[in-house]
Structures are given as structure tokens and as C-alpha cells.
Amino acid sequence: MIWLSTYSCAVVHLVVGLICGSCYGFGTFGFDIHHRFSHPVKGILAVDDLPPKGSVEYYNAWAKRDRIFHGRRLAGANDQTPVTFLDGNETHRLDALGFLYYANVTVGTPALSFIVALDTGSDLFWLPCDCSSCVRGLVLSNGQKINFNIYSPNTSTTSSEVPCSSDLCGQPRRCSSQSTCPYQVRYLSNGSSSTGILVGDILHLITDVDQPKPVNANITFGCGQVETGDFLGRAAPNGLFGLGMRNISVPSILANKNVASNSFSMCFGADGVGRISFGDKGSSDQGKTPFNIGKYPTYNVSITQVNVGGNVQNLEFSAIFDSGTSFTYLNDPAYTIISESFNKLASDSRNTSNSSLPFEYCYDLRANQTNFTYPGVNLTMQGGDTFRVNDPIVVVINMQGGNVYCLGIVKSDDLNIIGQNFMTGYRIVFDRENMVLGWKASNCYDIKDSNTVPVKPSTVSLTAVPPAVAVNP
């Protein structure tokens, strides 16, 4: 999601995402991340009003959110053990809560748990806190109510104020009437913002190993007293966990305090279950490419070549890897070159009748068709390593006229964003110490990363697609 901050500068968005504008921040710690559409999270939260997976509404929900917020590890002599959240390194995609991946984080004394959205496109970690305008719970369609924890510095014995003199205070000019540092983050979405003060407290972590040990890290985060816009609905209603490059971000703080190495990884599983691990530098055999560092640092990389179904074209453009964006957004010429190359090689008839989908390049499947082949999409990154897109398509079940599949790229008017759909099947390493992005194939369950990469062109079996309720039957 893209946001503007009077705390710091605008960067990109978590789209299904947010991008925050300021961040600060050795070992490895981790927790599971959850996709909002994943079945484990639906069970945990008893969310029963999600759109059927594979339906038109399912993919439109992802795109709407996008629009709203536009194994073996390398170890050096001084590296510490990776760490993760107290409740584990698993994450889940939660569509009912407006963003992509969520994790349970635990803060304060006594410890309170929060379900926070994870965003590599923003920097500040904030929680609803002594709030006059925030979401205190959700009511499900069956009448069940889920109550959220609300943080309060007054009830945590380990909480502390962050003075205006702190290096992490991004708004010292607003400190004339108070000694505690204020913050405000404004997002480019329906007047969405979070406003409050910065506080310090303990983030409860564990070492990300077979026999974990507790680790308490003193961090700085936002005590969000007033939330507006989409944060009063189902978008990050219980907090946002910024993972950007600036000093205020939790990865930066953990590195500066020698809790974890200045690197972290996120794994994006095909089933919506993921992992996050702080201090993870990846493996020696992973692909990698350097970050492009500008005035406002983001996880921006350069692509030098595209390969669609064996058709190689030299094409240089930059894009931001954003965990908070559902789909991949490209502007021209990259969008047209990749899409038209895909279209020329697609073996099925193009569907042009449905304008309700966010995708332009969709293809009809016959009534009894159980599998199909599509051209693969590979990106050559700066430095020469290849990023093979495991899942460039989306399958839409039972829309008017039958089933279709689409190239999962949406045309952008501004930023190029590599979204979660292109990261599926990989452990993505955000190595800020060496300023490189790393990637390696993984199913997010095995201790060791998988070396299996689908052979392109890919064949898809519709029997593997989860059943969905008919749309407009």
C-alpha cells in the first residue's frame, strides 16, 4: 500500500498492500504468516463470509484491495540465530481483513496478542492504542463477535515514552506542545490514516530453530489513537507491521540492537500459508539481485530481460517487490510486451466478454476441459539470475460462459509492483545488510527449501482447483 507520512516520506503500497514512508530498525527469529483466503485462518477466525475461491468475486476482492492501497541459511562468524514471533513463524493470507498476509504478534507486559498485516511496502509498526477511533472487534454473519486487543501504555509495565529528542522521532516540529513524539501516517486510499504517539515496549519473539528459546526485544512502534478510512473497516483493523528499510521498521530496530541480522525472509505458499523469519539471509544457492536505492529506499530491483514461452526480449524496467500487493502491476512498455507475448502463444481462445475481471488477458476453457497448457513467464534480473514465475495465471471458475484462466498482471498507471502472485512458491529474502533480494523455490513447509521449479510451459489440471460456488448460475 502506498502511503504518505508526516512522519516520513511516501514510498509504495501494500496491496493488497501498503507502502510506508519511514523505517528504522541481528540473529534470526520467525513466525508464520497467513493469507486471508487460506483455510487455516478461516477456521481460526471462523470467518464465514468470504467469496468462493476461484470465483470472479474472489479475484475482484484481491484487486479491490490492491487499488485501495496501492532452509539452509548463510552463516557468518558474527551471525546470530534467526528469530520469529512468539506464536510461531507461520503467516496466513486473510481476505476478510483486507490485506494479504497476517501474523499473530505479542507485545507488552502482560503480553497481549494482535493480528497484524505484514507489509514490506511500509515502515512503521502501529497498533490500536487508547484509541478514540479504531476497530475493537468484528461481528461475523452468524452473529459471533471477535474482540480485538487494544494496546495501552498505562497497562503495560514495560512501556515507555519516546521523547521528541529520539533519533526515531520523525516529527520533531510537532513537539512544541508535548514531550512525547507524535506520528501520523497517511495512506493514498479513501482518507486512510493512523495518528498517535510513538512508544517503546517489548516485542516477544522466539528463536527460529527446532528448540526455540524466548527473546524479548525492545522496539519502538506507533500507539495508534485515531484510525481513519479503510482502517475502520476490514483493512488491517488490529494493526500494521511495516517491514520497510527505514530505521523505524522492526527489522531495522532488531538489527540495530543486535537481536537479529539485518535481513529477513518471507515464504509465500501456494495454499496461502507462509513463513517469516528475522535474521534469515537465505542460502548460498539462491538467486539474487541488488536493490536500487533512491531517495526513499524501497525493495526496488531491476529487470533486464523477459522470457515468455521461450520468446526472449531485452526489456529494462524497475519494480518493487511488495508483499502487501495481491497481483503484479506493470506499466508500459513492460505490461504490453509481456501480455502480448503471452497472448500470441496462448493455445486457448481469448475471452473478451467479461469486463468485471481486473485482468485484460483471459482465455476460455471448454466445458469438459480438465487441463490446459500456458506459456511460462521468466524474468532475468540485474546480475543475470532468472526469476521463474511459478504462478503467472489465475483460474476463474464458473463465471458466465464457463471457466477461464487469466494472466495475473494488471495494467498500472504509475508504479511497477511484483505482487504476491509472482512470489508464490518462493522464499523471498530481503537482505538489507548486503542490499540484495534473494529467492529460492520453497513450499514453506519443508525445513530445507525445495529445488523444484515447474518446467515451462506449464500444464494445469482443473481437478486441482478448489471447488467454488457458481457465480451467476
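Residues numbered from 1 in each chain as written. Predicted model: local features only at pLDDT ≥ 70, side-chain atom pairs only at ≥ 80, totals over all residues. Heavy atoms only, no water.

Undergrad: Where do I start with the state of the cysteines in this structure?
TA: Such a bond, covalent and formed between the sulfur atoms of two cysteines, is termed a disulfide. For the structure shown, the criterion picks out five disulfides. Two residues share a disulfide in this structure: Cys129 and Cys223, whose sulfurs sit 1.9 Å from each other. Because the sign of the S-S torsion sets the handedness, a value of about -75 degrees for the bond joining Cys129 and Cys223 places this disulfide among the left-handed ones. On the criterion of sequence distance, the pair formed by Cys129 in strand S7 (residues 126-133) and Cys223 in strand S13 (residues 214-228) is long-range, its members being 94 residues apart. Accessibility assignment for this pair places Cys129 and Cys223 in one class, buried. Each sulfur of the disulfide joining Cys169 and Cys181 lies 2.1 Å from the other. The disulfide joining Cys169 to Cys181 has a torsion of about 90 degrees about its S-S bond and is therefore right-handed. Here the residue Cys169 occupies a position in the loop between strand S10 (160-161) and strand S11 (182-187), and Cys181 occupies one in the loop between S10 and S11, the gap between them amounting to twelve residues. (Disulfide = S-S within 2.5 Å. Helix = DSSP H or I, 4+ residues; strand = E, 2+ residues; numbered from the N terminus. Buried < 20%, exposed > 50% of the residue type's maximum accessible area, 1.4 Å probe, protein only.)

Undergrad: Teacher, can you tell me more about the side chain of Ser412 here?
TA: By the element assignment, Ser412 lies in the loop between strand S28 (409-411) and strand S29 (417-418). From its side chain, Ser412 meets the backbone oxygen of Leu415 in a polar contact 2.7 Å long. (Polar contact = N/O pair within 3.5 Å; in protein donor to acceptor, adjacent residues only side chain to side chain.)

Undergrad: Looking at this structure, how should I read the environment of Thr84?
TA: Examined against the element boundaries, Thr84 turns out to sit in strand S3 (residues 83-85). Residues Thr84 and Ile276 lie 192 residues apart in sequence; the distance between their C-alpha atoms is 6.8 Å. Reaching out from Thr84, the side chain makes a polar contact with the backbone oxygen of Ile276 at a distance of 3.0 Å.

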